[in-house]
Each structure stands twice: as structure tokens, then as C-alpha cells.
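# A closer look at the structure
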Amino acid sequence: MKRKNISIAFLSIALFLGSCTKDILEEEPRGVFTPEFFSTELGVQGGLTYLYQNLRNVYGFAYFINHGETGTDEYCAAQSADNNFYDLDLTGEGNLRPESGFSIGRLWGNAFPAINTASGIIENAAAVGLNESLIAEAKFFRAFNYFMLVQTYGGVPLDLGSGELAFNSSAVRTSVRNTVPEVYTKAIIPDLIDAANDLPDNPRLTGTVTKNVARLFLAKAYLTYGWWLENPNGIPTYPDAPRTDPNGNDPSYYFQQAYNAAVAGINDPGPYRLLDYFYDVHLATNDRHAEMMLYADRTEESQIYNGADLQFSGENNSDGSPGPNTAVWMVTSNYTTISVDGVAAVQREAAQSYGRPWTRMAPSINVFTDIFAEKSLDSRYDGTFVTSYRGNWDKGGDTTPTLTAANGMEIAPGDAVVSFLDDYNPAVDYSVNGGNIGGGQIPGRSDYVINLNEINRRFYPGLWKLGTYRTDNAGGLGSPNGAITRPFPIAKYSEFYLVAAEAAVKGASGSYTARQLINVIRARAGMWRFDNGEQQERMEDNSAAMMAATPAVIDIDFVLAERSREYFGEGVRWYDLVRTQKWTEYASSYQIAGTDATNHTPETKERNIQPFHYLRPIPQDQIDDLNMSEADKAAYQNPGY
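Residues numbered from 1 in each chain as written. Predicted model: local features only at pLDDT ≥ 70, side-chain atom pairs only at ≥ 80, totals over all residues. Heavy atoms only, no water.

### Concerning the confidence of the model for the protein
Mean pLDDT over the protein works out to 92, with 94% of the residues at or above the 70 mark. Every residue in residues 1–22 is under pLDDT 50, and counting partners more than four places away or in other chains gives 84 contacts. Confidence drops under a pLDDT of 50 for residues 27–33, and excluding neighbours within four residues, the segment shows 23 contacts in the predicted structure. (pLDDT = per-residue confidence, 0-100. Contact = heavy atoms within 4.5 Å.)

Below is the structure:
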């Protein structure tokens, strides 16, 4: 594949041009292109294809999930973590800084090329006769990328070299950051309003954006900007700016606008809906369903269109380009050391519960004792985690029919080898070092067991919801080292209810109360059709009990707990805690045992979360490329770094 990069200081236009089939977005590698190519219909269509392709450079990228999760109340550094993870965990074993690598720089490096490409489409699409709905797609992506940037880094430049929100085609090595209010009121909100007005109700191709996708992000932008204006805990911003809106609106106005936009999405759903069961939202065989509104897509059918090797993938592609979806590997413990009777009982497999174990990030104990405390009525714990590791030695070619496991009992392929107990059992005997990974045993069970409040950084429940899926395993282990070919979720229809509920907590009003909105989500969470841990059918309707357990008065803490239960591990938790300014309160300490598999004694770790950490540092290599004085470069960086 050839690409031409037009340097714009630390920004670049990386055009991945393509054609669109009638059914799906099809990327077609082409030759060398110049900015003039946007004056053709083919160029505009190609630019739109690039905007979708570029999502893969961030979402599913192994270190971006680190950026959105490590250091929160969901994840901490695991056994095989390096400084990319310790830097974000903020426990003193690392130091978050502008040189902190891929985790804090991937978004910055990919958002600006997308923004500039979108501006090129917006300026030229009308001239080549494209309708407003295609221009609206470009406006959505320009707003989407600016929204991600402003939440992450604070104010960012609207002028990339040719004027604010103008397409730039010349090399420029200076930059001026706009303020947060300017980014919201000049770029994000106007573009999303236009997109919500002009996009079609139904996607023009599988996975393309629609009116309701734009409406959801407009609601999220209103909500986030309202919190920013309110600034309840006095968190600093940068560049320095008063917490006032240029249009004279107060936070309550934006909370109400968020509510209105979210409720409009609920009342006019278009092709989207809540699935009947939470389990089905993340079941790999059910990907690209009606609840998934935006995703970074992949395919098993073609290595070129997948954007990553199907047989073996590292952190980047073999040619150094970004792209593989390897996020879930980061949060996968090294289950492949499980051994019973001298046999590798649970082997690396290209299946949703397994995949490749990189063991960089571990869920902290509070995830299981607090966030997912309810495990019997609420199906979301079971539909999120791998809670039983099952024998698959037969798929690796070992014909041994049974193995002798806990309590001298026999297990066969498909039986649980190691399980995490839903409820704490003080009788677990860990002295047996079951499965060679520190498992314990209790009478009457053939599987080794571990209490969830005794997990360590070495072995813990994996993240089933984002796990590997392939159809070419042919009854064997398949290609578990190949990049994941599933779409990575970015936005779901369920979020309309939680955004509206959060806005209602902040004072917005309308046809639904916060409790009514939350209970739609909780009612669905009470619906079971399959028990993932037990691997058997489980038809239960606990929706009434789930709704009855909802507090009469909903506060922001309850909303955040529901958001964690719905979107755990998807890379959004840091953004939720930063938006609501709850990060310090929620994540200043956590508990987990050490790195040895036999260690089941939790330690409390303290994090040093400072107010300046609520903005990520701008990557140092990007600032180094600016042709500005050292004083101006220093002033460009966020304070504290």
C-alpha cells in the first residue's frame, strides 16, 4: 500500500482511499494522492472510507485500552506490565509524563489527520455534487475526533494551518491551542447538530453513521461540556479560560440539552434497539447487531481489509504500521500455565474465553466486591468476565480422555479446570496449588477454585466480552496469536438511557425520570438466557427484582456504577471519571494480591492522582516537531508535565 503524508507540523494527512460497495465499506489501496483529489467524487468517497478505517488505529489498539482503563477503579497494572502501564497506574512505580509512549499519544497522532481529512471533504463535497448526508458524515467525524481530543488533552488547535476548521495542505510547524469552550462551541456542537439534522435514519452501508449516532454524541458532548462548565471540584483547565460559555449558557442549559438529545434518540430509535439479553450484546457470533451503533470494524475474510495479520500480530503490524485489534490480550491472565497431571489442560485457543495472554492489566478486587457485587440476579458480571477456564487439551492434540484434578476427581475436555467463585468461601484450601496457578479446592468440586477477593496480578478473570472469535479453527485451537477480527465497540444504543439519566441527576427534566431510565437498563440486566460461567442454558427473568432494588433517588454514583457494569473494560472508564470529576474519589487506592500465582493476600496500593492528571500530557515528540521557541513549546504542554 502506498501512502503520501503531507506534513503539517505534528499533524499529517494520511489518506487511505477506497470505494464503497452497496453493502459494506470496502477499502481499496490506491496510488499517490494529492489534496486536489478531494475535488473528485472518488476522492471524497475515499476520504470518508479513511475516516472509518482510522477508527481502527485507536479503538482496539492495545495501549489505548490502557489509557482508558489503567489507573481507574476498573484496572491496575498486572504481572507483565511495563512502564506504559505503571505510568498510568500512578502508584509511584512509574511516572506519567509526555514521553509515556503509545498510551497517551495514539489518539493525538490519529485524530488530527482525520480532522483535516474531514475538513477537506466538507470543503469539496458540495463542489463535486455530493449530497448533504455525505457531508454530514464528515462533519460527524470532525466533531467526534475533536470531542475525543478535548476530553483527553483540554483545548486543542482549530487552525491546522489554513484557518479555523479549514482544510490544510501545506507544511506548517507552528500551532496555537484554542480553549475548551471554543472547541465545543465552534467545532463539536455545531458539527454534531448539522450531522444529526442531515444524516439519514438508516446507515447507507453496514456500520456507517446515522442521525441517531450523531444524536448520541451530541448528547454526550452537551453532558460533558455541562460538567466542564460546572467544575464541581475545581479541576484546572488548559489553556487557561474562564469556566463560562461564549453563548452565555449555564451548565443547567447543557444538561437539559443532553437530556433532550438523548430522549430524542430513545423515542426515535431508527434501526437501533436494546437487545433482549446483555449476554447477546457481546456474544461474538452476534456481532454488528442492532444495539451497536458505532464500531471499529474488522474482518476474518481478508488480511488487507482486516488491517492486521490473521496468523500472528504484535503491538503493531509487521511493517510497523498501526492497526491490530489486540486490546483484550492486555487484560488476559496467563491461563496457559494451568497444568493438571502434567498436562497443559487449558491451552491458548482462538475462542472468546481464551486468546493470547499478555497479562498487562488486572481488574482490582473492588470490581468484584463493589461494582459487580450482585452476581445472581444481574447477568452483567457473567456476561462480562471469563469465570471458568475449561479443559481444551484435546483440541491441542492430546488424546488423554480424563485428568485427575481437585479432590482426586476426574475432569474431561470441556469441564472447568479453574473457576472463580461468585460468593466468598472461607473454606478454600490454597495449599494444593491447584492447576499450578495457585488454585484452591473445596469438598465436592473437581475444579480448582479462587475467591474473587483473593485474586492476584498473575491470575484473574479475563474479559470475555471483547474476546477472540474465529470461524476457521476447524475443531482445533485455531490461530490465537492472530489479531482479533471482531469489531471493537465505540457506541451502543444503551448509552442513550444512561446519558439521559445522568443529565436528569444534574437537574434536567422531561418525560422520564432518572430512575425510569436506569431501570430500563437494569431490567434487561436481569434477563438471563445462558450462564457463561457454567456454560449452560439459564432461562431466568430477574428484571422485577433488579428494578425493585434500584434506589428511589438516583445519584451520580449510582449512574457511574451502572455505566461500569454496562461498559466495563471498553476503554471509557477514565473518561467517565474525569467528566464527573470522581476519579480521585473512586480510584485513589485499590486492592489486589501480588504477582505470584500462589499469593492470595491482598495488598492496598495508593495512587497519587493530582488535579493536573485530569488532562493527559501532549506527546513530547509532537511538541519537539514544532518550529517554535522553547518557551512557546513549554507553554504548549499541559501544566504539571
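Now that the structure has been shown, the text picks up again.
### Re the pattern of salt bridges
The final tally for this structure, using the stated rule, is 35 salt bridges. Notably, a salt bridge pairs Glu230 with Lys506, separated by 2.7 Å at the nearest N-O pair. Here Lys506 lies in the loop between helix 13 (495–505) and helix 14 (514–525) and Glu230 lies in helix 7 (residues 211–230), a separation of 276 residues in the sequence. By relative accessible area, which is 22% here, Lys506 ends up partly exposed. If you follow the salt bridges from partner to partner, you end up with Glu291, Asp378, Arg380, Arg522, Arg524, Glu562, Arg565 and Glu566 in one network. (Salt bridge = Lys/Arg side-chain N within 4 Å of Asp/Glu carboxyl O. Helix = DSSP H or I, 4+ residues; strand = E, 2+ residues; numbered from the N terminus. Buried < 20%, exposed > 50% of the residue type's maximum accessible area, 1.4 Å probe, protein only.)

### Regarding the side chain of Lys375
Of note, Lys375 is situated in the loop between helix 12 (365–371) and strand 10 (385–386). The charged side chain of Lys375 is buried without a salt bridge, its nearest counter-charge being Asp423 at 6.2 Å. A polar contact of 2.9 Å, which involves the side chain of Lys375, links it to the backbone oxygen of Phe372. Not counting the four nearest positions on each side in its chain, Lys375 is found in contact with Phe368, Tyr381, Asp422, Leu452 and Trp528. (Lys, Arg positive; Asp, Glu negative; His and termini not counted. Polar contact = N/O pair within 3.5 Å; in protein donor to acceptor, adjacent residues only side chain to side chain.)

### Description of helix 2 (residues 62–69)
Of all the 8 residues making up helix 2, 8 are buried; the element is thus mostly covered by neighbouring parts of the structure. Of the positions making up helix 2, those classed as buried are Ala62, Tyr63, Phe64, Ile65, Asn66, His67, Gly68 and Glu69. Phi turns positive one or two residues past the end of helix 2, at Gly71, with a value near 95 degrees.

### Focus on the nonpolar core
The biggest cluster of nonpolar side chains holds 184 residues, and the ones touching the most others in it are Tyr59, Phe140, Tyr146, Leu149, Phe217, Leu294 and Ile338. Considering every element that reaches this core, the biggest residue donor is helix 5 (residues 132–153), with 14 residues. (Core = buried A, V, L, I, M, F, W, Y, C linked by side-chain atoms within 4.5 Å.)

### Let's talk about the pairing of strand 6 (residues 292–296)
A regular strand places its side chains so that they alternate between the two faces of the sheet. Among the 5 residues in strand 6, 5 count as buried, and that is most of the element. Judged from the 4 bridges that link them, strand 6 and strand 19 (residues 488–492) form a sheet pairing that is antiparallel. Its bridge partner lying in strand 19, Tyr295 is registered against Pro489. (Pairing = 2+ DSSP bridges.)

### A closer look at a negative patch on the surface
Residues Glu99, Asp621, Asp624 and Asp625 make up a contiguous surface patch of negative charge. Looking at the secondary structure, you find Asp621 in helix 19 (residues 620–624). A residue is classified by how much of its surface remains accessible, and Asp621, at 48% relative accessible area, is partly exposed. (Patch = residues over 30% accessible without salt bridge, like charges linked within 9 Å, V, L, I, M, F, W, Y side chains within 5 Å. Areas by Shrake-Rupley, 256 points an atom, 1.4 Å probe, with all protein chains shown as cover. Charge placed at Lys NZ, Arg CZ, Asp CG, Glu CD.)

### Examining the packing of helix 13 against helix 14
Following both chains from N to C, one finds helix 13 and helix 14 inclined at 155 degrees, their axes separated by 8 Å at the closest point. In terms of axis orientation, helix 13 runs roughly antiparallel to helix 14. In terms of crossing hand, the pair formed by helix 13 and helix 14 is left-handed. Across from Tyr497, Leu498, Ala500, Ala501, Ala504 and Val505 in helix 13, the residues of helix 14 making contact are Ala514, Leu517, Ile518, Val520 and Ile521. Along the lines of polarity and charge, the residues of the contact of helix 13 with helix 14 split into 11 nonpolar, no polar and no charged. (Axes fitted to C-alpha atoms, helices over the stretch in contact; angles between N-to-C directions. Parallel < 35°, antiparallel > 145°, perpendicular 65-115°, else oblique. Left-handed = near helix turned anticlockwise from the far one by under 90°. Nonpolar A, V, L, I, M, F, W, Y, C, P; charged D, E, K, R; others polar.)

### Quick word on unusual backbone geometry
A negative phi angle is the norm for most residues apart from glycine, just as the trans form is the norm for most peptide bonds. For the peptide bond that leads from Tyr238 to Pro239, omega is -10 degrees, which places it in the cis range. Locating Pro239 in the fold gives a position in the loop between helix 7 and helix 8 (251–267). The residue Asp341 is not glycine, and still its phi comes out positive at about 55 degrees. Looking at the secondary structure, you find Asp341 in the loop between strand 7 (339–340) and strand 8 (343–344). Its identity is not glycine, yet Thr359 carries a phi of approximately 55 degrees, on the positive side. Here Thr359 lies in the loop between strand 8 and strand 9 (361–363).

### Let's talk about the environment of Thr40
Here Thr40 lies in the loop between strand 4 (25–27) and helix 1 (41–53). As a C-alpha pair, Thr40 and Thr206 span 166 residues in sequence and 24 Å in three-dimensional space. A polar contact is formed between the side chain of Thr40 and the backbone nitrogen of Gly43, at a distance of 2.9 Å.

### A short note on the packing of aromatic side chains
For the structure on display, the rule yields 43 aromatic pairs. With 6.4 Å between their ring centres and 75 degrees between their planes, Phe141 and Phe144 make a pair best called edge-to-face. With Phe141 and Phe144 both in helix 5 and 3 residues apart, this pair spans about one turn of that helix. One exposure class covers both Phe141 and Phe144, and it is buried. Plain terms: the ring middles of Phe372 and Phe568 are 5.7 Å apart, the flat faces sit at 75 degrees to each other, and that makes the pair edge-to-face. Taken as a pair, Phe372 in the loop between helix 12 and strand 10 and Phe568 in the loop between helix 16 (556–567) and helix 17 (573–579) lie far apart in primary sequence, 196 residues in all. The cationic tip of Lys506 hangs over the ring face of Trp227; the distance from NZ or CZ to the ring centre is 3.9 Å. (Phe/Tyr/Trp six-rings, centres within 6.5 Å; stacked < 30°, edge-to-face > 60°. Lys NZ or Arg CZ within 6 Å of the ring centre and 35° of its normal.)

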